[in-house]
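# Descriptive analysis of the structure
Residue-level listing of the chains:
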Amino acid sequence: MKFRNPVIPGFYPDPSVCRVGEDYYLVTSSFAYCPGVPIWHSRDLVHWRQIGYCLTRESQLLLHKSAISGGIYAPTIRYHNGRFYMVTTNVDAGGHFYVWTEDPAGEWSDPIYVDQPGIDPSLFFDDDGKVYFTSTNSLLSTGIYQCEIDIETGRKLTESRLIWEGTGGAFPEGPHLYKRNGYYYLMCAEGGTEYGHMETIARSKTPYGPFESCPRNPILSHRSLRSPIHATGHADLVQTHDGNWWAVFLGVRPVGLTFRHHLGRETFLAPVQWTDDGWPIIGNNGTVAPEMEAETLPPAVWEDEPALDHFEQDHLGMKWNFVRSAHKVEWSLEKRKSWLALRGTEVSLRDAGTPAFICCRQRHMYGEVSTRLEFHPQDGDEAGLAVYMNELHHYAMGITLMDGQPVLVFRKQVGSLKIEHFTPLLQTSAVDLRIQATPDTYRFFCKVPGQEWQMIGEAETSLLSKEAAGGFTGVFYGMYCCSAAGAWAYFDWFEYREVQDSEMSHRQ
């Protein structure tokens, strides 16, 4: 069967996977966005649907002082004795912790902390009942450390020990421990989560080593390749219920000859073969392609999420996120029936706080988002539609007031540079806003219902890329409102559509 990569497109990095019977569960990093750590379900490893988030309460998710690329780093998910465990690191508040649940789509426990420095923790439940806690020491960048813990309390039962320093690549991180045919396999990422990224593996007869490095390392890397996929690494292995092995891992799809990527690090999939001498090979001798052919599990396709959200439910859909805190944003689906009401605060998209901004990931190179906005601004108020990488790298268009008259503002914020264009509005009872995306460009449109779309500006995707903006995240689309007086903005609907390249020139 052929399948397409990435299997989870958009900013869903650092994937980790576990199997329970014939079901598969996957988690990814979320950094300063909340809810934290999205969790996915699949029955074939190719088709995934999001079923929830692991971190939904303030007691689990303290992000108030986090940079966009701070907060929650690479998680690991494991299943043992009827419980799911998700272990991660809040790099700004508390360090390593894990939460657990018996229902991965439901509520997870409060955090249980583990006193070991670093990032990228993992859990391994051995056959003798011991539980190993493995992570990288990001402060010293010296390698992979491990200890045994009491899984009920997080208390360390042994001192942390350096068990492997990798193969010599920078930043050995993202470790996972596995057991197969009497060997303990320790797999980790090296080279940094950028274009030198790679996955390496070693093995030992004991969980603490000494570890013998695979003679074919790296077992996954796209370094120096001519490929539409780059930065592959940070992998996790899973054995399927039919006995085969697979790897999930992150990668990026850069645009242009100078390699700039704005969607963020995405989740990819590849089959794994074991050699006669007991070493894994990921994909095609360590490489993958946008389209791969492999002996997959029988297809189990989920129903597509509707492109159009009419805000008719009593809760926000699974795709919606907030910056740093959902609890500081006042919104309602009841204030006006079938509208999303969003109350502005003095925090703007340019501020390192919690703006009134409800957003979802950009998941496709070609696509568009649209919404209908009703907003009656006072001096200093603004509400609209944005494409957002961080405080200093975003584009927005919205309704504001200038000289007592409503205008449409189109703003480009790139580093310390800000460019604004203003277009008079004849009326603001309702204005439709649209952003069209291609791999290279965002185009911005508005219209009064019943009239034609008018293009008001365009901007480069490259200026919202990781290479321009820094950090580890990807681009989000969203609805925002800024108002020191607490004015409400109303959004009638929001539509996200993937659009084929051939359609783009005809859609305005």
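Residues numbered from 1 in each chain as written. Predicted model: local features only at pLDDT ≥ 70, side-chain atom pairs only at ≥ 80, totals over all residues. Heavy atoms only, no water.

### Re the sheet that holds strand β6 (residues 49-55)
Quick reminder of the rule: Pairing between strands is defined by DSSP: at least two bridges between them are needed. Under the scheme used here, helices are H or I runs from DSSP no shorter than 4 residues and strands are E runs no shorter than 2 residues, and both carry numbers assigned from the N terminus. Axes, fitted as lines to C-alpha atoms, cover a helix only where it is in contact. Angles between the N-to-C directions of the axes lie from 0 to 180 degrees.
With antiparallel pairing, the four strands of this open sheet are ordered in space as β2-β3-β5-β6. Unpaired on one side and paired on the other, β2 (16-20) and β6 mark the two borders of the sheet. Recorded for the sheet is a direction-independent mean angle of 25 degrees between the axes of neighbouring strands. Relative to strand β3 (residues 23-27), β2 is paired through five bridges, and the arrangement is antiparallel. Along β3, the bridge assignment pairs Val17 with Leu26.

### Focus: unusual backbone geometry
For the peptide bond that leads from Cys34 to Pro35, omega is 0 degrees, which places it in the cis range. Residue position: Pro35 is located in the loop between β4 (33-34) and β5 (36-42). The phi angle at Phe171 is positive, at roughly 55 degrees, despite the residue not being glycine. Here the phi dihedral of His234 falls at roughly 50 degrees; this positive angle occurs in a residue that is not glycine. Within the secondary structure layout, His234 lies in strand β20 (residues 230-239).

### Some remarks on the nonpolar core
Side chains of a nonpolar character, in soluble globular proteins, are inclined to be buried together. The condition that has to hold: To define a nonpolar core, start from buried Ala, Val, Leu, Ile, Met, Phe, Trp, Tyr and Cys residues and group those joined through side-chain atoms within 4.5 Å. Classification of residues uses two cut-offs on accessible area relative to the type maximum, computed with a 1.4 Å probe and protein chains only: under 20% is buried, over 50% is exposed, and between them is partly exposed. Only heavy atoms matter for contacts: two residues are in contact if any of them lie within 4.5 Å across the pair.
Counting 63 residues, the largest nonpolar core has Leu55, Val387, Ile435, Tyr442, Phe444, Tyr477 and Phe494 as the members making the most contacts within it. Beyond its immediate chain neighbours, meaning those up to four positions away, Ile435 contacts Gly367, Glu368, Val369, Leu385, Ala386, Val387, Met397, Tyr442, Arg443, Phe444 and Tyr477. In this structure, Tyr24, Leu26, Met187 and Leu269 belong to the second largest nonpolar core, which totals 38 residues.

### Description of the pattern of salt bridges
Applicable threshold: By salt bridge we mean one thing: a side-chain nitrogen of Lys or Arg within 4 Å of a carboxyl oxygen of Asp or Glu.
Counted according to the given criterion, the structure contains 23 salt bridges. Between Glu391 and Arg324 there is a salt bridge, with its nearest N and O atoms 2.5 Å apart. You can see Glu391 sitting in the loop between β31 (382-390) and β32 (393-402) and its partner Arg324 sitting in the loop between β26 (322-323) and β27 (331-332), a full 67 residues away along the chain. Taking relative accessible area as the criterion, Glu391 reaches 12% and is therefore assigned buried. Of the charged contacts, one joins Glu420 and Arg411 as a salt bridge, the two residues approaching to 2.7 Å between their closest N and O atoms. Accessibility expressed as a relative area gives 31% for Glu420, which makes it partly exposed. Residue classification places Arg411 among the buried positions, given a relative accessible area of 6%. Counted as one network, the salt bridges with shared partners bring together Lys2, Arg4 and Glu291.

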